[in-house]
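Understanding the architecture of this molecule
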Amino acid sequence: MTFPLTENQMKIVRHIDGALLVIAGPGSGKTRVLTERITNLLTLGKKRVLALTFSNKAAEEISERIEQNLDEEKHDDVLVGTVHSFCLDVVMNRGNLIGLPNGLVIFESDVDKLEIMKRVINENPEFRNRIFHTNGKSNILKTYLRQISEYKQNFIMPEVLLDSDNDNEVEFAKIYESYNNMMLSQRALDFDDILFYAYRIFNERPQIAKSYTRLYKYIFIDEAQDLNEAQYKVIRALCKDFENIMMVGDPAQSIYGFNGSNSDFMTNDFIRDFKPTEFRLVENFRSTRRIIDAAKKIHPNVDSNAVYPLEGELSVHMFRDEKDEALWIVKEINKLIVDGSKWIENQISYENIAIIARNRYVLSKVKEILMLNNIPVNQGAVSRSVESESIAIKIFEAGLRVIINPYDNVHFNQILGLIKYKDKINTSNDSSYLDLLLNLDVKNIDNGHINIFNAVNKAWGILLEDEENFSKALKIIVEYLVKQEILDEELDENEQYLIQKDIEMWKEHWQKYCSQSVAGQRSLSHFRNQVSLGKTQTHDNSGISLLTVHMSKGLEYDIVFLIGLNEGTFPDYRAKSHKELKEELNNMFVALTRARRVCYITYPQTKIMPWGDSRYQSPSNFISKIGF
Ligand SMILES: Nc1ncnc2c1ncn2[C@@H]1O[C@H](COP(=O)(O)OP(=O)(O)OP(=O)(O)O)[C@@H](O)[C@H]1O
């Protein structure tokens, strides 16, 4: 059942032109007004709309809500995506205007980036000598990568460092520049490049920014308290001389400080740069009074007024250790499912319940005991990694990258390593690594890997004929490596098992990609980049949700178990500065306000350390803060 909008919410939804800032507390309907305003604009024929979020899950949810409210022919008038996916489109489509090559692919793995950095150092005697006598070379290279990432996030180009008075910075600029050139020679981008190049495009070619704001008449930024400097600068460069931008957020829910996010970009910079009309929403439609009162003790300055007529339940429970804590939670869940709760009218299902903790390790014990009791669980978006485990699919995956991008010798070399290729390959600057891959001499492949290579090679052949035949390519691998009995002796059963699992994983990614794209317009490079952006992840919401606070953002559940409330765990022991401690309070605020009716706070008195000792744990100071 959908309740009517309040008058205040209605004012936002009906706002047509001009910048808009909505600052609002938890459960006040931010996501709702955002989606309803988009629906309203499109219903009035004001196309088109761009809505940017920070997670694929949030983007999917907003898309679904808009699609439910709109006639089908209007669905194409709105593009909902993450800041990164939008910027990647810009870089892919307009990057050549700032000298970028076509057909770029993302190198998201640390291993690939490290390989590039190794080559930068090895190919330059000056850099090589610099670290020749130092111990822990690999750590130095990682530090270089971190340093480059930091520069990119601040949009500092190597040329700027070359002008520095600091000799170290001038020296480092050369490594930084060589790293960029080496990445581009592979037609590769790292994650930081996505925003960095999008910013350069908008900044150096303002007419491109204009072409986007002519296409999208209205731009929306959800969860704007999580913007970091790079993201804000990209948005500002995109929206130069453009007014129809709306930001929605809650400063008390800013929890990505470690990523450089700061709610000041929304509350100060956006107001200074765009002079938006401001709205505040203070009614909380989600949670019962006791939960809101506790949240207000965490953030006394936050305006959040209970609308829900019931008191609800908020209670704190102490246990001897993590096992007892987990056993009690499982017992309570079983009781809730069978007997229900006096605070909830309907029958309770597993999907109404979340267990939230400050970090994912805190969830281990309860997950183990839930699974032992056959209670279904999901762990939000990060349920599957995109990294293949089997040698065969690792080779297949690396080959995919070479098919997409014949300049990619990082993955070509990875394949040579995986098949233990015995001969040296002669290459030149204009080698096509795809040609080299397809012409590898089977005689030089390690015996144990010949069958694998042949099967994977057949799968590549299918893709080279038709890029959309991804499912068929996977099927060939199964037929040759998993089903054929002759191979039993040559291929370890464990490898066969891993291949099967990897294939299932890639199948899911491809299916999701197909649901997001149109047949006839699909390509392997687009697919690979969508995988890197996390857009093909499936979000399993069935069963009890086991979430970190960060993953729980934007979600709501009738019943929340907020566990592991010990000093050092929540708040996190690493939070020392005023800013970090404030962010811990924000984390607690977010966690508490995910609950609609009931919130159980739990903590163990002792914890088993990795080396086996049991250690006393004091309760979190947040517990007394909220009045217990
Ligand atoms: N006018 C309204 N009347 C009744 N319920 C409402 C109203 N507006 C929103 N809600 C409900 O309140 C809940 C919270 O809404 P929504 O998720 O949009 O809030 P939010 O401000 O985005 O929350 P948060 O910042 O905590 O993630 C939802 O269940 C939504 O359906």
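Bear in mind the structure is a predicted one, so any value in this text is a computation, not a measurement.

**Considering the site of the ligand**
Neighbouring the ligand are 19 residues, the closest being Gln9, Lys30, Thr31, Arg286 and Glu556. Thr31 places a polar side-chain atom, nitrogen or oxygen, 2.8 Å from an oxygen atom of the ligand. Taking Arg594, its side chain carries an N or O atom lying 2.9 Å from an oxygen atom of the ligand. At 3 residues, helix 2 (residues 30–43) tops the list of elements feeding residues into the shell around the ligand. The residue makeup of the shell around the ligand, split by class, is 5 nonpolar, 9 polar and 5 charged. When residues of the shell around the ligand are sorted by domain, at least three fall in each of domain 1 (7–90 + 197–284) and domain 3 (289–381 + 540–626).

**Quick look at the nonpolar core**
In this structure, Phe86, Met117, Phe202, Ile221, Ile245 and Met247 are the most contacted members of the largest nonpolar core, which totals 73 residues. Each of domain 1 (7–90 + 197–284) and domain 2 (105–186) accounts for three or more of the residues forming this core. If we skip the residues at most four places from it in the chain, Phe202 touches Phe86, Val90, Ile208, Ala209, Tyr212, Val234, Ala237 and Leu238. Listed in part, the 48 residues of the second largest apolar core include Ile404, Phe412, Ile462 and Val531.

**Some thoughts on the domain arrangement of the protein chain**
For the protein chain, the domain assignment lists domain 1 (7–90 + 197–284), domain 2 (105–186), domain 3 (289–381 + 540–626) and domain 4 (391–533). Using C-alpha coordinates to define each centre, domain 1 is positioned 34 Å away from domain 2. Each partner contributes residues to the interface: domain 1 has 8 residues there, and domain 2 has 6 residues. Both sides together, the interface formed by domain 1 and domain 2 hides about 600 Å², and carbon and sulfur atoms give 69% of it. Contact with domain 2 buries surface across domain 1, with Tyr197, Tyr199 and Ala230 losing the most and accounting together for 50% of the total. At the surface where domain 1 touches domain 2, the tally comes to 0 salt bridges. The interface formed by domain 1 and domain 2 holds 0 residue pairs in polar contact (both at pLDDT 80 or more) in total. Secondary-structure elements contributing two or more residues to the side of domain 1 that touches domain 2 are helix 10 (191–204) and helix 12 (229–238). With 4 residues, helix 12 is the largest single contributor of residues to the side of domain 1 that touches domain 2. Each residue belonging to the side of domain 1 that touches domain 2 can be placed in one class, and the counts come to 5 nonpolar, no polar and 3 charged.

Definitions and limits used
Residues numbered from 1 in each chain as written. Predicted model: local features only at pLDDT ≥ 70, side-chain atom pairs only at ≥ 80, totals over all residues. Heavy atoms only, no water. Near = heavy atom within 4 Å. Polar contact = N/O pair within 3.5 Å; in protein donor to acceptor, adjacent residues only side chain to side chain. Helix = DSSP H or I, 4+ residues; strand = E, 2+ residues; numbered from the N terminus. Nonpolar A, V, L, I, M, F, W, Y, C, P; charged D, E, K, R; others polar. Domains from an automatic or database assignment. Core = buried A, V, L, I, M, F, W, Y, C linked by side-chain atoms within 4.5 Å. Buried < 20%, exposed > 50% of the residue type's maximum accessible area, 1.4 Å probe, protein only. Contact = heavy atoms within 4.5 Å. Buried area = accessible area lost by both parts, 1.4 Å probe. Salt bridge = Lys/Arg side-chain N within 4 Å of Asp/Glu carboxyl O.

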